[in-house]
Amino acid sequence: MDKGIRRIAGIVVMVAGIALGAWLVFGAPHDWEGNVRLVKMAMGLAATGMITGGARLIFWQPADRPSEAAREAGVG
């Protein structure tokens, strides 16, 4: 995947995760009870995963290439 496309996809995923998290905090009905509260918790975890995944897409570093800081320190 091209670096620019990966970063744009990461930004889109991160914004969607932040929007879902903000909706859960400020817009979702707060009177959900029973099993629906578990769905709300799962959506919160999904929002956290989307934000984390977006950050990984934006700042992606292949495992076979050490980072710039590691190369300067002589690690790897």
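Predicted model only: the values in this text are computed from it and were never measured.

### Comments concerning the packing of aromatic side chains
Ring pairs (aromatic) are described by centroid distance and by the angle formed between their planes. In total, this model carries one aromatic pair according to the counting rule given. When the ring centre of Trp32 is taken as reference, the NZ or CZ atom of Lys40 above it lies at 5.8 Å.

### Observations regarding helix H1 (residues 3-27)
A rise of 1.5 Å per residue sets the reference length of H1, with its 25 residues, at 36 Å; its end C-alpha atoms lie 35 Å apart and thus fit the reference within 8%. When we look at burial in H1, the residues that qualify are Arg6, Gly10, Gly17 and Leu24. Structurally, H1 contributes buried residues whose contacts are with helix H2 (35-58).

### As for H2
Its 24 residues give H2 an end-to-end C-alpha distance of 35 Å, which sits within 8% of 34 Å, the value for a rise of 1.5 Å per residue. When we look at burial in H2, the residues that qualify are Ala47, Gly54 and Ile58. Tucked inside the fold, the buried residues of H2 contact H1.

Rules behind the numbers
- Residues numbered from 1 in each chain as written.
- Predicted model: local features only at pLDDT ≥ 70, side-chain atom pairs only at ≥ 80, totals over all residues.
- Heavy atoms only, no water.
- Phe/Tyr/Trp six-rings, centres within 6.5 Å; stacked < 30°, edge-to-face > 60°.
- Lys NZ or Arg CZ within 6 Å of the ring centre and 35° of its normal.
- Helix = DSSP H or I, 4+ residues; strand = E, 2+ residues; numbered from the N terminus.
- Expected span 1.5 Å × (residues − 1).
- Buried < 20%, exposed > 50% of the residue type's maximum accessible area, 1.4 Å probe, protein only.
- Contact = heavy atoms within 4.5 Å.

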